[in-house]
Amino acid sequence: MTFILIKTIHLFAAFIYGGFLIVDNLFLVHIEKSFDEKEYKKIRESFMKYVRKVVPPSLLIAVLTGLYLITQVFGSISEEGMSSFQMMLSMKAFLGIWLGIRGFAQVYLGIQPLVFKSHVLPFAFVITILFLSQFMYV
Ligand code: HEM
């Protein structure tokens, strides 16, 4: 029961975090082309002030619940080495933890990323994580 509950919270948090990145990179980005810089900044801030309250905590919840889930499903590594499930899950965990550290440093410590400052990198990672989260069972 605990596993399913934590996994549901994991999926919910991943949907909020990933959902914002998908909407931001595929749709909201076009607002910039239709308004001048000053107007665009005002429009973006009108929703980002709410995004900042919800999306960073969702990312941290996705990572923390993921850390619990991985302890329940990873299993032991056989003498032949890691299975394809374990390898893909490890890659998924690595990308997720990277996003978690990057997001925490940026939002809560005010440390800006050195490279890839936009939402394109997290977007690319989330798409990769979504594919890994399905293909790891193949
Ligand atoms: C931050 C971005 C993350 C996103 C968007 C994400 C997304 C997902 C999705 C969509 C699934 C569902 C797969 C399914 O059952 O169909 C899943 C499962 C899982 N995630 Fe994540 N995840 C993230 C981070 C993490 C991290 C950091 C870890 C580990 C440290 C992790 C560990 C797991 C595990 C172990 C499962 C599989 C649970 C099972 O076998 O039923 N996730 N994740």
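Here, the structure is the one placed above.
Residues numbered from 1 in each chain as written. Predicted model: local features only at pLDDT ≥ 70, side-chain atom pairs only at ≥ 80, totals over all residues. Heavy atoms only, no water.

## Thoughts on the site of the ligand
Thinking step 1. Taken together, the neighbourhood of the ligand is formed by 23 residues, with Lys7, His10, Lys92, Gln134 and Tyr137 sitting nearest.
Thinking step 2. At 2.7 Å from an oxygen atom of the ligand is found a side-chain nitrogen or oxygen belonging to Lys7.
Thinking step 3. Breaking the shell around the ligand down by element, the ones donating at least two residues are helix H1 (2-26), helix H3 (37-73), helix H4 (84-108) and helix H5 (120-135).
Thinking step 4. If one sorts the elements of the shell around the ligand by residue count, H3 sits on top with seven residues.
Thinking step 5. Class assignment of the residues belonging to the shell around the ligand gives a composition of 16 nonpolar, five polar and two charged. (Near = heavy atom within 4 Å. Polar contact = N/O pair within 3.5 Å; in protein donor to acceptor, adjacent residues only side chain to side chain. Helix = DSSP H or I, 4+ residues; strand = E, 2+ residues; numbered from the N terminus. Nonpolar A, V, L, I, M, F, W, Y, C, P; charged D, E, K, R; others polar.)

## Notes on the side chain of Thr65
Thinking step 1. Note that Thr65 resides in helix H3.
Thinking step 2. Separated by 2.9 Å, the side chains of Thr65 and His10 make a polar contact.
Thinking step 3. A polar side-chain atom of Thr65 sits 2.7 Å from the main-chain carbonyl oxygen of Ile61.
Thinking step 4. Among residues more than four places away in sequence, those in contact with Thr65 are Ile6, Ile9 and His10. (Contact = heavy atoms within 4.5 Å.)

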